[in-house]
Amino acid sequence: MAMGTRKKRERQEALWYGGELPVTPGHPFYSRLNEVLDQAGFDRFCEECCARFYHAKLGRPSLPPGLYFRIMMIGFFEGLDSERGMAWRLADSLTLRQFLSIGLDEQTPDHVTISRTRRLIDGQTHQQVFAWVLERLAQGGLIKGKTIGVDSTTLEANAAMKSIVRRDTGESYTAYLQRLAEAEGVDAEGAAALRRMDRKRKKKKMSNEVWENPNDPEAEITRLKDGRTALAYKAENAVDMQTGAIVAVTTHGGAAADTATVEMTVVEAGVAVAGLIGEPTPEGEYQVHFSGVEEVVTDKGYHSNEVVRSFTEMELRTYIAEPERGERNWEDKAAEKEAVYANRRRIRGARGKRLQAQRGERIERNFAHQFDTGGMDRLYVRGIGNVHKKLLLQAAACNLALLLRSLYGAGKPRAAHDRIIEAAFAILFFLSAIERLVVSKVCKLRQSAALRSRIRSEKWLFR
């Protein structure tokens, strides 16, 4: 398949009068987003990165890479959770057709084309697109890089618990319960009887070492935020605590402990920030901290002796909230004791308390943008590679929203629409205030004219 490009999709305007065709002025938010992407050469960059996945001449033109990445970001801006939903929205919206430069006589990409393109382009290329967006933020002065906050959330996988099987024998969970019932001499022929027996069992634990889902073996059994037990993945973000920009994204199995993944995420953030130190702003200033990442802020779920000691050895100051653990035994743990006590002093200081208070605004708000209003509260792709691609583009879109918010005051189409409504109401209020002022002036003039006429008439009577 040959690679489709944006230049090849450019067409001459129609020679015939198209007054009967539906037209739209376009959404101002998407017009500004396209302006930002075009000025920075987004399509050319994507085509250069993706050229190795396509044949130079043979085959029909593919979905242009720049178009594919725009479509995936639409999921964030429109709050769409699946690629099928994105395809339906594209086919239904004149505004999105204009944003993607798709004519009314052209067919919009279906979900099969979108998902096939996602599988074709590897995770490294998605990471390059994410890094490209980070460069735009650094040039806009929106990345400082000195203090990094880390947090994670679990996302339900596209796999059902009822489909899990044993890793050793391939036995389904229902067959496993039937075997237990036969061994215990319990008459459990129906599915309802098996579930009742399962609820009464005392030693019941769904271990990831024993069970897996054959449709998505990399998804892990864990407890979600709402208390349900399900197969899930864990998304972990490293966020600039000064600006709220997402500088690193890592993906893990849903049951991975925070203390086991935080070091990898911080290293990814350090590499990303180090690559942005030389990016100047339009004024010629270098906003990214010249020494890279120096401080790490997390909640108490990340606190452990090994984590604090490891960050200390990496010459990073930690502000990790410490849970209540009672009296500690520090025998043969001098390095861990020194690191934990230093972290404790820092989090009890004014700066430590301020950084902990900012976690909700800088980190958790990003999670709300990505996974609540961004429409990614659950996953519709399988495999940790595909999940990581989705998370990278979701974070890239969130960073673009931050950039547009700093430039135009709105980071999403709905916010831009609300700002237009607010401006319209402000104009109406201003006009009504002027109208009231004019009316009051006219009334005063009429009253003064009537008063002068009365005075003149009274003077004529007294002559």
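Use the structure listed above.
These figures come from a predicted structure and were not determined experimentally.

Section: the overall build of the protein
Move 1: In terms of regular secondary structure, the protein is built from 16 helices and eight strands.
Move 2: Counting across all 463 residues of the protein, residues that qualify as buried make up 46%.
Move 3: In the protein, of all internal contacts separated by at least 6 residues, the share reaching a separation of at least 24 is 72%.
Move 4: Summing over all exposed atoms, the protein offers an accessible surface of approximately 25800 Å²; the carbon and sulfur share of this is 52%.

A short note on the packing of aromatic side chains
Move 1: Counted according to the given criterion, the structure contains 13 aromatic pairs.
Move 2: Aromatic side chains Tyr30 and Phe77 sit 6.5 Å apart centroid to centroid with 85 degrees between the ring planes, which places their arrangement in the edge-to-face category. In this pair, Tyr30 is assigned in helix 2 (residues 28-39) and Phe77 in helix 4 (residues 65-78), connecting sequence segments 47 residues apart.
Move 3: We classify Phe77 as buried; its relative accessible area is 6%.
Move 4: A centroid spacing of 5.7 Å and a plane angle of 25 degrees characterise the contact between Phe367 and Phe371, whose relative ring orientation is stacked. Within this pair, Phe367 and its partner Phe371 are both found in helix 14 (residues 350-372), separated by four residues, close to a single helical turn.

Some points on helix 14
Move 1: Taking 1.5 Å per residue as the helical rise, helix 14 with its 23 residues ought to reach 33 Å, and the 32 Å between its terminal C-alpha atoms agrees with that figure.
Move 2: Helix geometry: helix 14 is bent most strongly at Gln358, by close to 45 degrees.
Move 3: Every buried residue of helix 14 is accounted for by Gly352, Leu355, Gln356, Arg359, Ile363, Asn366, Phe367, Gln370 and Phe371.

Topic: helix 4
Move 1: In this model helix 4 runs 20 Å from its N-terminal to its C-terminal C-alpha over 14 residues, within 8% of the 20 Å that 1.5 Å per residue would give.
Move 2: Counting buried positions along helix 4 yields 13 of 14 residues, so the element is predominantly enclosed.

Side note on the pattern of salt bridges
Move 1: According to the stated counting rule, one finds 20 salt bridges in the structure shown.
Move 2: Linking Glu78 and Arg89 is a salt bridge whose minimum nitrogen-to-oxygen distance equals 3.4 Å. Remark: Arg89 occurs in helix 5 (residues 83-92) and Glu78 occurs in helix 4; sequence separation between them is 11 residues.
Move 3: A residue is classified by how much of its surface remains accessible, and Arg89, at 29% relative accessible area, is partly exposed.
Move 4: We note a salt bridge from Glu212 to Arg167, for which the minimum N-O separation is 3.0 Å. On the criterion of sequence distance, the pair formed by Glu212 in strand 3 (residues 211-212) and Arg167 in the loop between strand 2 (165-166) and helix 9 (173-184) is long-range, its members being 45 residues apart.
Move 5: Here the salt bridges share partners, and the residues they tie into one network are Glu294, Glu295, Arg317 and Arg351.

As for a nonpolar patch on the surface
Move 1: Together, Val267, Val271 and Met314 make up a nonpolar patch on the protein surface, roughly 250 Å² of accessible area in all.
Move 2: Tracing the sequence through the fold places Met314 in the loop between helix 12 (305-313) and strand 8 (317-320).

Rules of the game
- Residues numbered from 1 in each chain as written.
- Predicted model: local features only at pLDDT ≥ 70, side-chain atom pairs only at ≥ 80, totals over all residues.
- Heavy atoms only, no water.
- Helix = DSSP H or I, 4+ residues; strand = E, 2+ residues; numbered from the N terminus.
- Buried < 20%, exposed > 50% of the residue type's maximum accessible area, 1.4 Å probe, protein only.
- Contact = heavy atoms within 4.5 Å.
- Areas by Shrake-Rupley, 256 points an atom, 1.4 Å probe, with all protein chains shown as cover.
- Phe/Tyr/Trp six-rings, centres within 6.5 Å; stacked < 30°, edge-to-face > 60°.
- Expected span 1.5 Å × (residues − 1).
- Bend = angle between axes of the 7 residues up to and from the residue.
- Salt bridge = Lys/Arg side-chain N within 4 Å of Asp/Glu carboxyl O.
- Patch = residues over 30% accessible without salt bridge, like charges linked within 9 Å, V, L, I, M, F, W, Y side chains within 5 Å.

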